[in-house]
Amino acid sequence: MFRLSFASFLLCCMFSSAVAGAQELPYFVTYSHHMEEPGSLEVEAKTSSGQPQDGDVFYGTSTEIEYGTRAWWTSELYLDSQGTVDESTIFTGFRLENRIRPLMREHAVNPVVYVEFEDINGANKSLLEVVGHDVAADLAEDNRTARMTKEREVELKLILSSNVKGWNVSENVIGEKNITHAPWEFGYALAASRPLRMKASSKECHFCAETMQVGAEMYGGLGDVASLGTHNTSHYFAPTLNWAMFNAATLTVSPGFGLNDHSLSHVYRLGVSYEIGQLSRLFRADSRNVEGTAR
Amino acid sequence: MKRISLACSLLALLMAPLLMASVGTGQWLKHVPEKDRVRSNPLAHDSDATAAGAKLFHSDCAPCHGADAAGRGSRPTLRSERVRRATDGELEWLLRNGNLAHGMPSWSRLPEVQRWQIVRYVHALPI
């Protein structure tokens, strides 16, 4: 699990001559309207860790490969895996998603449509979203049993996001449907963040306020079609911080706290991302020294 | 159903060259609202702004426009008369909104003050 993530990260570092430096928002669960720059690729390894009351400590990892298909369209592939102490480490499935911005300008509230297909199993513990009646007890099931459950699901999100005076505020409404059976399940995610320092300094700095962003996320389930509401659902609140370490690498950390008895008491998250600007140019010999062609 | 998909694909193929042809032609300037066009740069007299803008440009803009801002492939040069003549307000509007249909992303994720710093640097570029 970790080898896969680490190998992905190293692969990206090899392309250090083509880095891009835009700092990402410090969110693990919530999406904003910010898209990947067209032609750029971002690879991120996200790990979430927790311990259910009657279970062992787990580490759920997602390796996220995000590509800017267009300026208004971002595509992503997630490869999920999971390791549980005293049990096993297993591959738990993949997710394919697309995010599309229907409005071509910046507005007070910017909508994004999110469509995802996921083929995962019941042992998945990446906690990339909480929907329906997902509760901490589900995470206590042993890997051998949980992996037998197939979850082929379609997930839709309406992402609403705003930038106000340096703050980003994002709200996600989530609907998820198992394509074979089971009703629609719903969830939500809310987040806000801002850079520690708004104005960039003229000097290079790596460990300073302008390279860091702080924020908080809140997310949870809203039941399903048959029982819409917060009864028997889990909810979390998580402060979050990211740091643009060097070139295009960003480190994000977030300690999360369960807000009711159905939630894990703590969820610790760690993410490392690396962005390769204009990926396609790496494979084109004629991409250099073309200045003036669009003059 | 198959016919509709085929028609959509053909339409997309026909539209693609038209979209590409309008890249870098400055069409976006026509869409800038007057109130944005006349905005002045609050960092106009900040002696550090151009250097800070250069730093931001090299991390955020150079992957597409080139480290020398002279353009790369279909990404337009910023060392042009058109960019020189654009007002600070117009350039900040472009950074904030992008030109999504033509490949320019929105940089609204940057705080406004950083967009003004980039504008200072872009306006200081030699032609």
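Here goes a summary of the coordinates provided. Predicted model, so just to flag it, every value in this text is computed and none were measured.

With that settled, consider the overall build of chain A. Of the regular secondary structure elements, chain A holds two helices and twelve strands. Secondary structure elements of chain A occur, N-terminal to C-terminal, as α-β-β-β-β-β-α-β-β-β-β-β-β-β. Approximately 13300 Å² of chain A is accessible, and the part contributed by carbon and sulfur atoms is 61%.

This part takes up the side chain of Ser161 of chain A. Residues and elements named next belong to chain A. On the secondary structure map, Ser161 appears in strand 6 (residues 150-164). Among the polar contacts listed, one links the side chain of Ser161 to the side chain of His33, at a separation of 2.6 Å. Among the polar contacts listed, one links the side chain of Ser161 to the side chain of Asn168, at a separation of 3.1 Å.

We now examine the sheet that holds strand 8 (residues 185-195) of chain A. Residues and elements named next belong to chain A. Around the barrel, twelve strands lie side by side as 1-2-3-4-5-6-7-8-9-10-11-12; this closed barrel has antiparallel pairing. Across the sheet, the mean angle from the axis of one strand to that of its neighbour is 20°, orientation sign disregarded. Across ten bridges, the pairing between strand 8 and strand 9 (residues 212-224) is antiparallel. Its bridge partner lying in strand 9, Leu190 is registered against Met218.

Looking now at empty space enclosed by the protein. Where empty space is left can be seen by rolling a probe of water-molecule size over the atoms. Residue and element names in this part refer to chain A. Tallying each qualifying case throughout the model produces six cavities of 30 Å³ or more. There is about 370 Å³ of room inside the largest cavity. Along the walls of the largest cavity sit 25 residues, with Glu24, Leu25, Tyr27, Thr30 and Glu66 positioned nearest its centre. Looking at the lining of the largest cavity, the elements with two or more residues in it are strand 1 (41-50), strand 2 (58-70) and strand 11 (249-258).

A few words now on helix 3 (residues 49-65) of chain B. Residue and element names in this part refer to chain B. Relative to the 24 Å expected for 17 residues at 1.5 Å per residue, helix 3 spans just 20 Å between its end C-alpha atoms, considerably shorter than the ideal helical length. Helix 3 sits mainly inside the fold: 13 of its 17 residues count as buried. Of the residues one or two after helix 3, Gly66 is the one with positive phi, at around 90°.

The partner chain B presents 38 residues to the 40 residues of chain A that form the contact. There are four salt bridges connecting chain A and chain B. Counting across the interface, chain A meets chain B through 16 residue pairs in polar contact (both at pLDDT 80 or more). In the side of chain A that touches chain B, the residues fall into 15 nonpolar, twelve polar and 13 charged.

Attention now goes to unusual backbone geometry. All names here are of chain A. Non-glycine residue Asp86 carries a positive phi angle of around 70°. Within the secondary structure, Asp86 sits in the loop between strand 3 (73-84) and strand 4 (89-100). Even without glycine at this site, Ala182 takes up a positive phi of about 75°. Tracing the sequence through the fold places Ala182 in the loop between strand 7 (167-178) and strand 8. The class for Ala182 is partly exposed, based on a relative accessible area of 37%.

For the rest of this paragraph, the subject is the packing of helix 3 of chain B against helix 6 (residues 112-124) of chain B. Residues and elements named next belong to chain B. Put simply, helix 3 and helix 6 touch, their axes get as near as 7 Å, and they point 95° apart. When the interaxial angle is binned, helix 3 and helix 6 end up roughly perpendicular. On the side of helix 3, the interface is formed by Ala49, Thr50, Ala52, Gly53, Ala54, Leu56, Phe57, His58 and Cys61, while helix 6 contributes Gln114, Gln117, Ile118, Arg120, Tyr121, Val122 and Ala124. Class assignment of the residues belonging to the contact of helix 3 with helix 6 gives a composition of ten nonpolar, five polar and one charged.

It is worth spelling out the pairing of strand 1 of chain A at this point. Residue and element names in this part refer to chain A. Burial analysis of strand 1 places ten of its ten residues in the buried class, which makes it a mostly covered element. The alternating pattern of strand 1 places Leu41, Val43, Ala45, Thr47 and Ser49 and Glu42, Glu44, Lys46, Ser48 and Gly50 on opposite faces, both of which are buried. In terms of strand pairing, strand 1 meets strand 2 through ten bridges, oriented antiparallel. Its bridge partner being in strand 2, Ser48 is matched across the sheet by Gly60. As judged from the ten bridges shared by strand 1 and strand 12 (residues 266-276), these two strands associate in the antiparallel manner. Residue Glu42 lies in a different strand from strand 12, and its bridge partner there is Glu275.

What counts and how
Residues numbered from 1 in each chain as written. Chains lettered and ligands numbered in written order. Predicted model: local features only at pLDDT ≥ 70, side-chain atom pairs only at ≥ 80, totals over all residues. Heavy atoms only, no water. Helix = DSSP H or I, 4+ residues; strand = E, 2+ residues; numbered from the N terminus. Areas by Shrake-Rupley, 256 points an atom, 1.4 Å probe, with all protein chains shown as cover. Polar contact = N/O pair within 3.5 Å; in protein donor to acceptor, adjacent residues only side chain to side chain. Pairing = 2+ DSSP bridges. Axes fitted to C-alpha atoms, helices over the stretch in contact; angles between N-to-C directions. 1 Å grid on protein atoms, 1.4 Å probe; cavity = no way out; pocket = protein on both sides within 12 Å on 5 of 7 lines; lining within 4 Å. Points joined across faces, edges and corners; volume = space filled by probe spheres on them. Expected span 1.5 Å × (residues − 1). Buried < 20%, exposed > 50% of the residue type's maximum accessible area, 1.4 Å probe, protein only. Contact = heavy atoms within 4.5 Å. Salt bridge = Lys/Arg side-chain N within 4 Å of Asp/Glu carboxyl O. Nonpolar A, V, L, I, M, F, W, Y, C, P; charged D, E, K, R; others polar. Parallel < 35°, antiparallel > 145°, perpendicular 65-115°, else oblique.

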